[in-house]
Amino acid sequence: MTIRAVLWDIDDTIFDYTGADSIGMRKHLEQEGLPDGYGTVEQALVAWRAITDTHWARFAAGETDFQGQRRDRVREFVSRPLEDEEADDWFARHVTHYEAAWELFPDVLPVLDLLADGFRHAVLSNSSIHNQDRKLRALGVRDRFEAVVCAVELGVSKPEAAAFHAACEELALEPGEVAYVGDEPDIDAGGAAAAGLMGIWLDRGGRGGRPELVRISGLDQLPGLLGPARP
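Criteria and thresholds
Residues numbered from 1 in each chain as written. Predicted model: local features only at pLDDT ≥ 70, side-chain atom pairs only at ≥ 80, totals over all residues. Heavy atoms only, no water. Helix = DSSP H or I, 4+ residues; strand = E, 2+ residues; numbered from the N terminus. Rg over C-alpha atoms; globule rule 2.2 N^0.38 Å. Buried < 20%, exposed > 50% of the residue type's maximum accessible area, 1.4 Å probe, protein only. Arc of directions from axis to C-beta. Contact = heavy atoms within 4.5 Å. Axes fitted to C-alpha atoms, helices over the stretch in contact; angles between N-to-C directions. Parallel < 35°, antiparallel > 145°, perpendicular 65-115°, else oblique. Left-handed = near helix turned anticlockwise from the far one by under 90°. Pairing = 2+ DSSP bridges. Polar contact = N/O pair within 3.5 Å; in protein donor to acceptor, adjacent residues only side chain to side chain.

Q: Describe in detail the overall build of the protein chain, supporting the description with residues and values.
A: If you tally the helices and strands in the protein chain, you get ten helices and six strands. Computed over C-alpha atoms, the radius of gyration of the protein chain comes to 18 Å, within 12% of the 17 Å expected from 2.2 N^0.38 for 231 residues, which places it in the range of a compact globule. Its C-alpha atoms give the protein chain principal-axis dimensions of about 55 × 35 × 30 Å. Among the 231 residues that make up the protein chain, the fraction classed as buried is 48%.

Q: Account for the environment of Gly33, with residues named and values stated.
A: Following the sequence through the fold, Gly33 ends up in the loop between α1 (17-32) and α2 (41-60). Looking at Gly33, the relative accessible area reads 32%, which means it is partly exposed. In the structure, Gly33 is positioned 53 residues away from Glu86 in sequence and 16 Å away in space, judged by C-alpha atoms.

Q: Can you explain helix α8 (residues 161-171)? Please cite residues and give values.
A: Of the residues making up α8, those classed as buried are Ala163, Phe164, Ala167, Cys168 and Leu171. Viewed along the axis of α8, the buried residues span an arc of 135 degrees, placing them on a single side of the element. Turned more than 90 degrees away from the buried face of α8, the exposed residues are Glu169 and Glu170. Buried-residue contacts for α8 involve β1 (5-8), β2 (120-125), β3 (148-150), α7 (151-154), β4 (178-182) and α9 (185-194). Count one or two residues on from α8 and you reach Ala172, which has phi positive near 60 degrees.

Q: Please provide a residue-by-residue account of the packing of α1 against helix α4 (residues 84-100), values included.
A: The interhelical angle for the contact between α1 and α4, taken along N-to-C directions, is 120 degrees, at an axis separation of 7 Å. Taken together, the axes of α1 and α4 lie oblique to each other. You can see that α1 and α4 cross each other, and the crossing is right-handed. Residue-level contacts link Tyr17, Ala20, Asp21, Gly24, Met25, Lys27, His28, Gln31 and Glu32 of α1 to Trp90, Arg93, His94, His97 and Tyr98 of α4.

Q: Which residues make up the pairing of strand β5 (residues 198-202), and what are the values?
A: Taken across its five residues, β5 has four buried, putting it largely inside the fold. Where β4 lies against β5, four bridges are found, and the strand directions are parallel. Considered in β5, the bridge of Val181 is made with Ile200. Relative to strand β6 (residues 214-216), β5 is paired through three bridges, and the arrangement is parallel. Looking across to β6, one finds that Trp201 is bridged to Arg215.

Q: Help me get a handle on the sheet that holds β4, residues and values and all.
A: On the basis of which strands lie adjacent, the open sheet formed by six strands has the order β3-β2-β1-β4-β5-β6 and parallel pairing. Each edge of the open sheet carries a strand with a single partner, namely β3 and β6. Going across the sheet, the axis of each strand differs from the next one's by a mean of 25 degrees, ignoring polarity. Sheet topology note: the β1/β2 ladder contains four bridges and is parallel. Bridge pairing in β2 places Val6 opposite His121. Where α9 meets the sheet, its contacts fall on β4 and β5, and the angle it forms with β5 comes to roughly 160 degrees.

Q: How would you sum up the side chain of Asp133? Please name residues and give values.
A: Within the secondary structure layout, Asp133 lies in helix α6 (residues 129-138). Accessibility expressed as a relative area gives 16% for Asp133, which makes it buried. A distance of 2.6 Å separates the side chain of Asp133 from the side chain of Arg137, its partner in a polar contact.

Q: Now, about unusual backbone geometry: what can you tell me, with residues and values included?
A: Cis geometry is found at the peptide bond from Lys158 to Pro159, where omega equals 10 degrees. Phi at Ser79 is positive, roughly 55 degrees, even though this residue is not glycine. Looking at the element boundaries, Ser79 is found in the loop between α3 (66-78) and α4. Looking at Ser79, the relative accessible area reads 55%, which means it is exposed. Non-glycine residue Arg210 carries a positive phi angle of around 55 degrees. Residue position: Arg210 is located in the loop between β5 and β6. Judged by its relative accessible area of 27%, Arg210 falls in the partly exposed class.

Right, dumping it as C-alpha cells:
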C-alpha cells in the first residue's frame, strides 16, 4: 500500500526532550539544592531519568494518571513524603527551567519542509493533548500537523494497536497507508509495525541492532524510505 501520511512521535523524535529535561533539572537543582542521598548533580540526573522511565511506564500501563506519575516522580526523587500540592509546586519550578530549554532537533524543519506537499502529517504521543499541543505551538510547528492524538485523552497508549489505529482513523486512512516515526524501538516502531503501519525507528543515538525493524539514524533518511508522494 502507498504511504500517504506520516504519524510522528514528539519527545526525542522531533523535540529534544532528554536534552531539555537534563538542562532544566540541572538549573532547578542549582536553585533547590541536591536532595539527600545524591553526592553530585550528575548522580541526581541519572536517578531522575531512571525514576522518570519507571513512573512513565506505570502511567502507560494505566496504573496511575498523568498528574499522579509526576507527583510520584518527585516524591521518589526527593525521598520524602509530600502532599500533592507540594509535589506539584516542586515540579512546576522544574518545568520553568525545562521549558526554557525547549528546542527542535536541527533535522526536523528541513524534512517537514521537504515532505510538506507530498504527505499528510499528524502526531501520536503517549502524553496529554494539553502538554503536546502547547509544546508544538511553542516550538512553532503546530500548524504542520493536521491532528494531534494523545494517550491521556484516548485512554490507550502505544504500543497498543488501538492507539495507532485511533490516529489512523483521525486521518481517515488505513494503517498500511501510514508511516510512524519514533525514537523507541518497541513502543514506537515495533508497536506501529504490529498494528499494520510502516514502523520506523529513529535511532539518533546509534544503538543499532533490532534488524527486524526499519531503522534510520536521522530524519534526512526518511524521504528515501517513504518513496514518491501520492495524491
